[in-house]
Amino acid sequence: MAQVERQQWDVVVVGAGGAGLRAAIEARERGARTAVICKSLFGKAHTVMAEGGIAASMGNVNDHDNWQVHFRDTMRGGKFLNQWRMAELHAKEAPDRVWELETWGALFDRTPDGRISQRNFGGHEYPRLAHVGDRTGLELIRTLQQKIVQLQQEDFKEYGDHEARLKVFQECTVTRVLKDGARVSGTFCYERESGRFFVLEAPAVVLATGGIGKSFKTTSNSWEYTGDGHALALLAGAPLLNMEFVQFHPTGMVWPPSVKGILVTESVRGDGGVLRNSEGERFMFDYVPDVFKEKYAESEEEGDRWYEDPDHNRRPPELLPRDEVARAINSEVKAGRGSPHGGVFLDVSTRMPAERIKRRLPSMYHQFKELADVDITAEPMEVGPTCHYVMGGIAVDSDTAATVGVPGLFAAGEVAGGMHGSNRLGGNSLSDLLVFGRRAGLHAAGYASEGGARPVVSQEQIDAAAAEALAPFHAAEGAENPYTLHQELQTTMNDLVGIIRREAEMAEALERLAALRVRAARAGVEGHRQFNPGWHLALDLRNMLLVSECVARAALERTESRGGHTREDRPAMEREWRPVNLLCRPVDPPPADPAADRIVLVRTRTEPIRPDLLALFEKEELAKYLAEEELCE
Amino acid sequence: MTAYDARFRVWRGDAEGGSLRDFTVEVHDGEVVLDIVHRIQATQASDLAVRWNCKAGKCGSCSAEVNGRPRLMCMTRMSVFARDETVTITPLRAFPVVRDLVTDVSFNYAKAREVPAFVPPEGVAAGAYRMQQVDVERSQEFRKCIECFLCQDTCHVVRDHEENKAAFAGPRFLMRVAELDMHPLDAAAEAGLDRKRAAQEEHGLGYCNITKCCTEVCPEGIRITDNALIPLKERAVDRKYDPLVWLGSRIRRRSDSDPR
Ligand SMILES: Cc1cc2nc3c(=O)[nH]c(=O)nc-3n(C[C@H](O)[C@H](O)[C@H](O)COP(=O)(O)OP(=O)(O)OC[C@H]3O[C@@H](n4cnc5c(N)ncnc54)[C@H](O)[C@@H]3O)c2cc1C
Ligand code: SF4
Ligand code: SF4
Ligand code: FES
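Analysis parameters
Residues numbered from 1 in each chain as written. Chains lettered and ligands numbered in written order. Predicted model: local features only at pLDDT ≥ 70, side-chain atom pairs only at ≥ 80, totals over all residues. Heavy atoms only, no water. Helix = DSSP H or I, 4+ residues; strand = E, 2+ residues; numbered from the N terminus. Buried < 20%, exposed > 50% of the residue type's maximum accessible area, 1.4 Å probe, protein only. Contact = heavy atoms within 4.5 Å. Areas by Shrake-Rupley, 256 points an atom, 1.4 Å probe, with all protein chains shown as cover. Lys, Arg positive; Asp, Glu negative; His and termini not counted. Charge placed at Lys NZ, Arg CZ, Asp CG, Glu CD. Near = heavy atom within 4 Å. Nonpolar A, V, L, I, M, F, W, Y, C, P; charged D, E, K, R; others polar. 1 Å grid on protein atoms, 1.4 Å probe; cavity = no way out; pocket = protein on both sides within 12 Å on 5 of 7 lines; lining within 4 Å. Points joined across faces, edges and corners; volume = space filled by probe spheres on them. Expected span 1.5 Å × (residues − 1). Axes fitted to C-alpha atoms, helices over the stretch in contact; angles between N-to-C directions. Parallel < 35°, antiparallel > 145°, perpendicular 65-115°, else oblique. Left-handed = near helix turned anticlockwise from the far one by under 90°. Core = buried A, V, L, I, M, F, W, Y, C linked by side-chain atoms within 4.5 Å. Domains from an automatic or database assignment. Buried area = accessible area lost by both parts, 1.4 Å probe. Salt bridge = Lys/Arg side-chain N within 4 Å of Asp/Glu carboxyl O. Polar contact = N/O pair within 3.5 Å; in protein donor to acceptor, adjacent residues only side chain to side chain.

S.K.: An account of the overall build of chain B is requested, with residue identities and associated values reported.
M.R.: Helices and strands together make up the secondary structure of chain B, namely 10 helices and seven strands. Looking at chain B as a whole, 59% of its 260 residues qualify as buried. Across chain B, the fraction of contacts at a sequence separation of at least 24, relative to all contacts at a separation of at least 6, is 63%. For chain B, the accessible area works out to roughly 10,400 Å², and carbon and sulfur atoms hold 50% of it. Once the 38 positive and 39 negative side-chain charges of chain B are each reduced to a mean point, those two points are 1 Å apart.

Right, here's the structure in full:
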């Protein structure tokens, strides 16, 4: 029997990125005693890396902007697969969430009249992204972190204990969401520093663990992105939605190899940067798809004029949604018009004076100078697609962020699905974190205060979770090296379920994943439990393998191309697929044989879009997206 | 360029003690020190403890001392070392070791809690904040801080003086005080809080004798001493800064008059 410390809280938030911290602030302000738990140090979650900005239709730079325009852009970007109610709430509430940050001390860049400045970004009709140079995520996370400190200072005054009502458990990992019958009862965790196990008992748990990019070889994501929350939800019985949609950001660094995948922010293009192939052509003009033809410039001259006079010109096609740009780059490279290291050229040096580049894009300047010996004020960058974001995620209720079928379990941020449909617009994630982080915290606190008997955490569950976590130390002779398994997984996903997909390759990926699961069951580690990265990785493998299986299976099932899911063998977007959601559910009970499938796919129909929201679009535009029977309704 | 074998010495151990261990590791084109540490993990010592996150100089997790100099491992290119040079990696010296390259940085989180938060101006609704770019820029420079704590590790006031830690917030958090003090809308004064005086009396500003070592190691290039600490000192004593007064000064100083 595993003797572990148990603590009682009202709400446990797993994750200390933008979504988790915003949820925790809300829950605490609603009176819930709230624990936040995160794998890294406080203030270092993935959100810190966000660069370009946070989308909110404040209309500070162009006063034509409003929530309806933002809603339309979001739906178009997601190719109408978005959970429309989320897109609506997001567009309506984002401005308040940004303004609120200012009251907590955030300092965004300003317009000449002293308001929050907003910049252009792909897919957004007007300049919409509030930003701080190209380090917006840092500002966001620091502001939330400092707000939490402020709440703790209040509690210190009142109770003599900073952590009386809001505590951050940093460098701790959750390996299981625990349940009492159908209800959530807490989380099983280990402290990375000591390897010690502990249990946080709580009636409500918010998952805000971010994304899955570490299952791919070329990615802009950090080690934290092992899909833990996705897996925790599945293992607790909550389904995932539309996992085939993975965003490949068009511009990651391609050289040197050790930095391959590191993000080059879209602000480079938003501020005037252009894409060229090895023949010096601005090739994006050749890749404007039909659905966007009317909205984008037809000539370089028009595109260039747009930066100064956006009301009378159309935007350059470099600012198409990400999926379009990523595919175009991929095609250029394939056609032999790539740059020396297998990307294309992204140039700001001929577009802006050096001083302006350094002021508007300081971290990009720094990043290329330090890591690639490239001076972006004097020469073009080489860029190519990199795995960046997962649109798919835990299925949630739009208003409350509650998961499906597991009372007490909530999800917000990148780990939640639905909001972005098949493709996310830049800047829409940071706003998503705040809007739905707040909602998750609000409803989790409400649920936790409903009263009734607190759910109970049984000793059996604790013993099972402890045994699972210790398994890598008991691997027999010939144990598998977790690092090797991880590398093979990354290669599999990158090569077989990557930016361009084919049926046979995805089927092969599923076979390889099954083989990897068998080997992962024998993963073994050296040393002891104290801060042991090999052990941590061995535990993360379970999550990466499970989530990768979801991605591959859903991708194989969806026989069309849409947003972040591109199939060479099914190149067209099919209107019949528009109202189809693919849900991944866990096989129940979980099979003992590691080679067996862990998930089943279930098709459901999306909820019909509310008529007043549909009325925001022209009929002709809807006809391009919606299925025949939807149009008749 | 081709791959080559480089020699590394990495400190391994825990709170009880430890030693430098030798590794010979392959190095490829364009790699950074953190890549090498990862290769050691993947091929020679799977349990080698190291903190990292973004691998792009943005999160401030991977701080360590490389050949004795506090640096971010993910932003230290291998090309800055000669091929036959042995590269030595040790944990940050000013903080207690947890394991291998990981140190206990809780000192910094404790200090962060001691700085009173931003005080929003009364009567200004969310959305009605108006500030000019020139006025926010000063504090924005300090908000570039990624909390790598390299400056905290370097500052001689605490580097080898455990006893000063209680009274001294360190450059990072003195800079935080300066940041709030220079925030155009911070209403601390209206709420009866004198940040300058607090810097002096509660966060140990007087211990700083402006050696600028913190500025030299800051990976964000923040001019901590010139733009945060010296102005804060000037404002704290409400008179023009006189270097002689401060040089070597370790006496805590009361600010006698500060009407601002
Ligand atoms: C380089 C880069 C630039 C970007 N730029 C932008 C941008 O300009 N605008 C925009 O809108 N979006 C941007 N994005 C996307 C956006 O940053 C992310 O989608 C967003 O930050 C995710 O936030 P989150 O709160 O969901 O999760 P995160 O910030 O990733 O936080 C996840 C948290 O969960 C914790 N966690 C995970 N698993 C566990 C576990 N098992 N146990 C305990 N804790 C766990 C982690 O430690 C972490 O604290 C960018 C992304 C990248 C990679
Ligand atoms: S300038 Fe002050 S804070 Fe910075 S290192 Fe020197 S004494 Fe420390
Ligand atoms: S001021 Fe610079 S050196 Fe100090 S913690 Fe911040 S980023 Fe690091
Ligand atoms: S890993 Fe983030 S700064 Fe080095």
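Next comes the rest of the description.
S.K.: Summarise the site of ligand 3; cite the residues concerned and give the values.
M.R.: Residues in close proximity to ligand 3 include C145, I146, E147, C148, F149, C151, R172, M175, C218, P219 and I224 of chain B, which together make up its full environment. Taken together, the residues of the shell around ligand 3 sort by class into nine nonpolar, no polar and two charged.

S.K.: Help me get a handle on the layout of surface pockets, residues and values and all.
M.R.: Space inside the second largest pocket adds up to approximately 1,300 Å³. Along the wall of the second largest pocket there are 49 residues; nearest its centre are K214 and Q490 of chain A together with H38, W52 and K55 of chain B. At the level of elements, α13 (482-496) and α15 (533-557) of chain A together with α1 (33-43) of chain B are the ones that each hand at least two residues to the lining of the second largest pocket. Looking at the lining of the second largest pocket residue by residue, the classes come out as 17 nonpolar, 18 polar and 14 charged.

S.K.: Can you explain helix α11 (residues 428-448) of chain A? Please cite residues and give values.
M.R.: The α-helix winds at 3.6 residues per turn, so residues separated by three or four positions along the chain end up facing the same way. Given a rise of 1.5 Å per residue, 21 residues ought to cover 30 Å, and the 29 Å separating the end C-alpha atoms of α11 of chain A matches this to within 8%. Along α11 of chain A, 17 of the 21 residues are buried, which leaves the element largely enclosed by surrounding structure.

S.K.: An account of the packing of helix α2 (residues 67-77) of chain A against helix α3 (residues 84-103) of chain A is needed here, citing residue identities and associated values.
M.R.: To characterise two packed helices, one gives the angle between the axes of the helices and the distance between these axes. Residue and element names in this part refer to chain A. Closest axis-to-axis distance for the α2/α3 pair is 8 Å, and the angle between their directions is 140°. When the interaxial angle is binned, α2 and α3 end up oblique. Pair α2 / α3 crosses with right-handed handedness. From α2, W67, H70, F71, T74 and M75 reach across to α3, where they touch W84, A87, E88, H90, A91 and K92. Class assignment for the residues of the contact of α2 with α3 results in six nonpolar, three polar and two charged.

S.K.: Quick one: what's the story with the nonpolar core, residue by residue and with numbers?
M.R.: I37 and L207 of chain A together with F8, M73 and I89 of chain B are the most contacted members of the largest nonpolar core, which totals 244 residues. Counting residues per element, this core draws most heavily on α15 of chain A, which supplies 10 residues. Taken together, domain 1 (4-103) and domain 2 (106-257) of chain B each give at least three residues to this core, which thus spans both. Those residues within four positions of I89 of chain B in sequence are excluded, and the remaining contacts are F8, R9, V10, W11, L20, V33, V37, A64, E65, M73 and L101 of chain B. Core analysis: the next-biggest nonpolar cluster, separate from the first, contains 15 residues, F197, I462, V525 and W535 of chain A among them.

S.K.: Give me the interface of chain B and chain A: which residues, what numbers.
M.R.: Frequently, the measure chosen for interface size is the accessible area removed from exposure when the parts meet. In this assembly, 59 residues from chain B lie in contact with 65 residues from chain A. The junction of chain B with chain A conceals about 5,300 Å² of combined surface from both sides, 51% of it contributed by carbon and sulfur atoms. Ranking the residues of chain B by area buried against chain A places K58, R113 and R143 of chain B at the top, with a combined share of 16%. At the junction of chain B with chain A, the criterion picks out six salt bridges. The residue E171 of chain A makes a salt bridge to R51 of chain B at a minimum N-O spacing of 2.6 Å. The tally of links from chain B across to chain A stands at 42 residue pairs in polar contact (both at pLDDT 80 or more).

S.K.: Please set out the packing of helix α3 (residues 133-143) of chain B against helix α6 (residues 171-182) of chain B residue by residue, giving values where relevant.
M.R.: Residues and elements named next belong to chain B. Packing of α3 against α6 brings their axes to within 9 Å, and their N-to-C directions diverge by 160°. Our classification of the angle between α3 and α6 gives roughly antiparallel. Along this stretch, α3 crosses α6, giving a crossing that reads as left-handed. Together, D135, R138, S139, F142 and R143 of α3 and M175, R176, A178, E179 and M182 of α6 make up the contact between the two elements. Taken together, the residues that form the contact of α3 with α6 break down as four nonpolar, one polar and five charged.

S.K.: Give me the lowdown on the pattern of salt bridges, citing residues and values where you can.
M.R.: Residue and element names in this part refer to chain A. The full count for this structure, using the stated rule, is 89 salt bridges over all chains. Residue E508 is joined to R512 by a salt bridge in which the shortest nitrogen-to-oxygen separation is 2.7 Å. Placement of the pair is E508 and R512 together in helix α14 (residues 503-520), with a separation of four residues, close to one helical turn. E508 sits in the partly exposed class, given a relative accessible area of 35%. Salt bridges sharing partners connect three or more residues here, namely R22, E26, R30, R97, E100 and R438.

S.K.: Give me empty space enclosed by the protein: which residues, what numbers.
M.R.: Applying the stated rule across the entire model yields eight cavities of 30 Å³ or more. Taken as a whole, the second largest cavity spans an internal volume of roughly 120 Å³. Considering the residues around the second largest cavity, the lining is formed by 13 residues, among which Q146 and V149 of chain A together with A112, F173 and R176 of chain B are closest to the centre. Listing elements by their share of the lining of the second largest cavity, those giving two or more residues are α4 (136-159) of chain A together with α6 of chain B. Residue contributions to the lining of the second largest cavity peak at six residues, all from α4 of chain A. Taken together, the residues of the lining of the second largest cavity sort by class into six nonpolar, four polar and three charged.

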